[in-house]
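# Commentary on secondary and tertiary structure
Here is what each chain is made of, one letter per residue.
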Amino acid sequence: MSIHMERISADIVIAGGGVAGLSCAAAFGAAGFSVVCVDPAPPVTDNTSADSDHRTTAFFQGSRNFLADAGIWDKLDAHAAPLQVMRIVDAGGVDPEPRVIKDFNASDISDLPFGWNLPNWLLRREMVARLAELDTVDFRAGVGFKSMTTREAEALVMLTDGTQVRCKLVIGADGRNSAVRQAAGIDAKTTRYGQKAVVFAVTHEAPHYNVSTEVHRSGGPFTLVPLPDQDGKPCSAVVWMENGAEVLRLRDLPEDEFNKAATERSAGIYGPLQVVGKRQAWPIISQVADRMTAQRCALVAEAAHVVPPIGAQGLNMSLGDMICLLDLAKERPDGLGDAQMLATYERRRHSEVVLRVKGVDALNRASIAGAQSIRDLRAKGIEALYSVAPVRKALMEMGLGAR
């Protein structure tokens, strides 16, 4: 029996059909580049199936502009909860009560909110719908990246269904265990914290007023991010970081016990919390690729960097990669994927990414701290940092990805 080998050509092959890969495909496709995007697993685009991703993603302003250019934002706008204030609460005293509360209000630096929060499964649904509208994009769900050979002038990518794609640029958007990164022979340095996060949604009595709140005690932050109301009640997405064994214990608690534990850990800021839907456990690591490019190949998103979910840095760093790559591609379309373009991408992104990963790593270590003396130091640090107006403004602008 002969295997039918299809040979096709495109400007770009993108490996990865998560939020990063799909938005990357839409952006390059909308800019007029021909794209083949593949992912071994078909995207889960509803919130009821077993594999659906219950995490949420906050998009900052720069990310929103990128998605708007890609023709995605107008599909998302109606489902997004705006984040107007980012609040840091230290509840690291003897009792789990707020003792230091600091607010960043987006109105200090902008007419727009900091960002907008959306469920991941919904992002996938709307992004897949956008790809279907673009005749520049060939999205193949259920097909994976198998291998590649690169030359000075082009790359040849083999897919798991036997298809060969000749292209100018291969983009690895295929996550922390990136097959593209391995094929390119790029190593990554991983830091493990012994932490996991339990991720879930809650309803609560008190309104959230579009405030995203990080509550620090020990084990890692407990972060509540606004979602649109559910059944007429205020609703938030929660990421609760703790040591791994504790997260698994929490995830499997009976619902009423879990609600009680979550309410206590939230320092009671919204009154009693009521979990809705599933609880999922996710591992927490930091990871940085040694470099972000190889011949005819660029890494973006979690293929290049993974950070703990603090300060909504993860996806916004990822879109920062893509914005940079797309700008370079539009500046010199005939130089797509060449050595000059990739050297510039490496220079602009890699040191910035390394710096941000270090920053989030430091925040996470400070938040894990269990000893009372260190928790007291952390409270003083939060107090000092946030009360200096220029520092507060600089931190906010850095968070928004403003220059």
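Procedures and definitions
- Residues numbered from 1 in each chain as written.
- Predicted model: local features only at pLDDT ≥ 70, side-chain atom pairs only at ≥ 80, totals over all residues.
- Heavy atoms only, no water.
- Buried < 20%, exposed > 50% of the residue type's maximum accessible area, 1.4 Å probe, protein only.
- Helix = DSSP H or I, 4+ residues; strand = E, 2+ residues; numbered from the N terminus.
- Pairing = 2+ DSSP bridges.
- Contact = heavy atoms within 4.5 Å.
- Salt bridge = Lys/Arg side-chain N within 4 Å of Asp/Glu carboxyl O.

This paragraph deals with the pairing of strand E6 (residues 85-90). Taking burial as the measure, the 6 residues of E6 include 5 buried ones, the bulk of the element. Here 6 bridges tie E6 to strand E7 (residues 100-105), and the two strands are oriented antiparallel to one another. The residue of E7 that forms the bridge with Ile88 is Lys102. Pairing analysis gives 6 bridges linking E6 to strand E15 (residues 211-216), with the strands arranged parallel. Of the residues in E15, the one forming a bridge with Asp90 is His216.

In this structure, Gln195 sits in strand E14 (residues 188-204). Sequence-distant contacts of Gln195, that is, excluding residues within four places in its chain, are made with Gly219, Gly220, Met241, Glu242, Asn243, Gly244, Pro283, Ile284, Asn364 and Ile368.

Enumeration over the complete set of coordinates arrives at 15 salt bridges. The shortest N-O distance in the salt bridge between Arg125 and Glu126 comes to 2.9 Å. Residue Arg125 is classed as partly exposed on the basis of its relative accessible area of 31%. The buried category is assigned to Glu126, whose relative accessible area is 12%. The residue Glu133 makes a salt bridge to Arg130 at a minimum N-O spacing of 2.9 Å. Separated by 3 residues within a single helix, Glu133 and Arg130 lie in helix H4 (residues 120-133), roughly one turn from each other.

Nothing here speaks to function; it is all geometry.
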